[in-house]
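# Commentary on secondary and tertiary structure
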Amino acid sequence: MEQYTGSQIVVLEGLEAVRKRPGMYIGSTGSRGLHHLIWEILDNGIDEHLAGFCTKINVILRKDGGITLRDNGRGVPVDIHPTKKIPTARVVYTILHAGGKFGGTAYKVSGGLHGVGASVVNALSKRMIVEIRKDGKIYQDEYINGGHPITELVDGLLPVIGKCNKGDTGTQVTFYPDDTIFETIEFKSDTIKKKLKEVAYLNKNLAIHFLDETTGEEKVYQEEFGIKSFVSYLNRESTVLHDEPIYICGQSGEVEVEVAFQYTDSYTEQINAYCNRINVVDGGTLVTGFKTALTRVINQYARELGTLKEKDENLDGKDIRNGLVVIISIKHPDPQFEGQTKTKLGNTDAKSAVDEVFSSEVQRYFDKNIEVLKRIIDNSMKSYNARKAGDKARLAVLKQISDSDAKIKLASCSSKKAEECEVYIVEGDSAGGTVKTARDRRTQAVLPLRGKILNVEKSSLEKILVNNEIKSMIASFGCGIGDDFDINKLRYNKIIILTDADVDGAHISTLLLTFFYRFMPELILEGKVYRGLPPLYKVEYETSGKSKKKKQSEYLFNDFELEKFRKIKENKILNLQRYKGLGEMDASQLWETTLNPETRILAQVTISDTVEADEITSILMSNNVPPRRSFIIEEAKYAKLDI
């Protein structure tokens, strides 16, 4: 047996760890990860704004493929770092977990708490140039190939390349993403503009200047009314129940609270929560505080106005929030996020702060705006009555959904331990038959779908429950739906969508995700939903080395991997097979590439931005054709032709 010794343990020094596993730091090496680099540098300027030192940020999309971000904050420190003995700016851009947000003195409120942003961007760039304006001088540092400095220091300090006014301060970063790491290095102007617009809403009076050198387009994003305008923007295509969004603000202890909300005639609620302008997708304590306060206040007024009698039960929170669109934004000096992804806030004082500020301030508003209050209460009562009337019909349908319904289609697994079981949702009986043959029958269940499921966007729960494919999923999952949903009853730890890599497969995946997002969002928020990624190619090739030539084969999962493979000169491709569907693979190939937990690739479905998720779902799945057509045409510019 080969000895397992210390010599086999590889230690990745400095930024090399980021280059080896970029997904750990930016989520992916696709377009989303590419743009995340911009947000990391942008965050530094916004933190300066939150600290009261930055009023303007410039974002320039350069003709040569790079991007420049410049803020007029204090400028990154350029003095010698006390422990590293190199310029502090170089520490910030080359050492992980180095930043001014740990000690609590440089920044009272900050979104970037891990100190990896600037250095990670440097690690994943072919070139980065940093210019710092401070004390009437302009300093510069330059890095190449993943953060290696090429600027010679002068007496241990960064060289001064020019002079400026003493009041002219700030930091400018220009970087060029590494094309050997990213699947694409083409920045999307529309993606950047959408983000800048959101940032402007969340940072009142911060001026963000955008310039696209490739088209000459210039825009300035600056919002005088902040999140109140944000809510108006979200509801621009909706029918609203009151003309102006309601804006509440105040402070409790060290926590600053802002809430803006407006009611529409929609069936759903949209709650968007931000802490230190980070979108906390899973909500957490700040959302709990808001829900508690809103439910209590509306019930209190409903009784005072006589809408609810003494014998009546209180309105449920879901009834009160029906049609609600709200932005909750707090500034917290020490936010405790759950995990690196920062998707949920855990601070208990955030709950009490939002509850206290919202309760007191919204009552001041309602006392002066009784008509608006009455419309909200009427809407809540309509939702309550509709829910009560619909409960009978819904329960009648749910009673029809039993294990016997699912057994017709579901090939169950033998294990009853939910934590080790998973269910594959596949399109068609043909693919389903192959997956059933290839699977591990002990832990892997298979649910074939016959055709496309109902498009549930804008559909009531009662309407979707008559769809046979949806009924099969509800019965198979075992966790119910709507008010009866209980994720603790879920029979599978993973729900894996497995479709062909074609247009129909993509459409089926979208329909399924829309259903989960609208009617079982907890499945996505709790990380239970995945997409199986079958390979697109099998390549057989010949390798030449010191010994005789060898024939080998390898699976490639996308065109990006194929292009990288073609660039390896020592590999001679003998045969290239493209899989257009799951049915083209035999059971052993399907197991090896797609089902085997040791070798397969799964993509976990997550929500990184609730505003974007809701907006895109509405655009793609609604009956409103012009916005959908515009979205598809715009996104098609960035799609690769698949023939």
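Residues numbered from 1 in each chain as written. Predicted model: local features only at pLDDT ≥ 70, side-chain atom pairs only at ≥ 80, totals over all residues. Heavy atoms only, no water.

## A few points about empty space enclosed by the protein
Empty space among the atoms becomes apparent when a probe as large as a water molecule is rolled across them. Counted according to the given criterion, the structure contains two cavities of 30 Å³ or more. The calculated volume of the largest cavity comes to roughly 60 Å³. Forming the walls of the largest cavity are D500, A501, P534, P535, L536, Y579, K580, G581, L582 and M585. Its residues assigned to classes, the lining of the largest cavity comprises seven nonpolar, one polar and two charged. When its volume is computed, the second largest cavity comes out at roughly 40 Å³. Taken together, L50, L202, N203, N276, R277, S329, I330 and K331 make up the full set of residues lining the second largest cavity. In terms of residue count, strand β14 (residues 324-331) provides more of the lining of the second largest cavity than any other element does, three residues in total. (1 Å grid on protein atoms, 1.4 Å probe; cavity = no way out; pocket = protein on both sides within 12 Å on 5 of 7 lines; lining within 4 Å. Points joined across faces, edges and corners; volume = space filled by probe spheres on them. Nonpolar A, V, L, I, M, F, W, Y, C, P; charged D, E, K, R; others polar. Helix = DSSP H or I, 4+ residues; strand = E, 2+ residues; numbered from the N terminus.)

## So, the confidence of the model for the chain
Keep in mind that low pLDDT regions are not for reading the predicted coordinates in detail. With 83% of its residues at a pLDDT of 70 or more, the chain has an overall mean of 84. Across the chain, strand β1 (residues 56-61) holds the top mean pLDDT of 98, while helix α21 (residues 625-636) sits lowest at 48. Taken together, the stretch residues 1-13 has pLDDT below 50 and engages in five contacts with residues farther than four places along the chain or on a different chain. (pLDDT = per-residue confidence, 0-100. Contact = heavy atoms within 4.5 Å.)

## A few points about the pairing of strand β19 (residues 537-543)
A large share of β19 lies buried, amounting to six of its seven residues. Taken together, the seven bridges between β19 and strand β20 (residues 550-556) define a ladder with antiparallel strand orientation. What sits directly across from V539, in β20, is E554. (Buried < 20%, exposed > 50% of the residue type's maximum accessible area, 1.4 Å probe, protein only. Pairing = 2+ DSSP bridges.)

## Quick look at the side chain of S359
Residue position: S359 is located in helix α10 (residues 348-368). In this structure the side chain of S359 is engaged in a polar contact, spanning 2.7 Å, whose partner is the backbone oxygen of D355. Beyond its immediate stretch of four places on either side in the chain, S359 contacts A293, R296, V297 and V354. (Polar contact = N/O pair within 3.5 Å; in protein donor to acceptor, adjacent residues only side chain to side chain.)

## Regarding the packing of aromatic side chains
This structure, assessed with the given rule, holds 13 aromatic pairs. Both rings, one in F515 and one in F516, keep their centres 5.7 Å apart while their planes meet at 45°; by these two values the pair is tilted. Here F516 falls in the buried class, since its relative accessible area comes to 0%. Following the ring pairs from residue to residue traces out a cluster consisting of Y201, F230, Y233 and Y274. For the cation-ring pair, K195 lies above W39, with the distance from its terminal atom to the ring centre recorded as 5.5 Å. It is R236 that lies over the ring of Y233; its NZ or CZ is 4.0 Å from the centre. (Phe/Tyr/Trp six-rings, centres within 6.5 Å; stacked < 30°, edge-to-face > 60°. Lys NZ or Arg CZ within 6 Å of the ring centre and 35° of its normal.)

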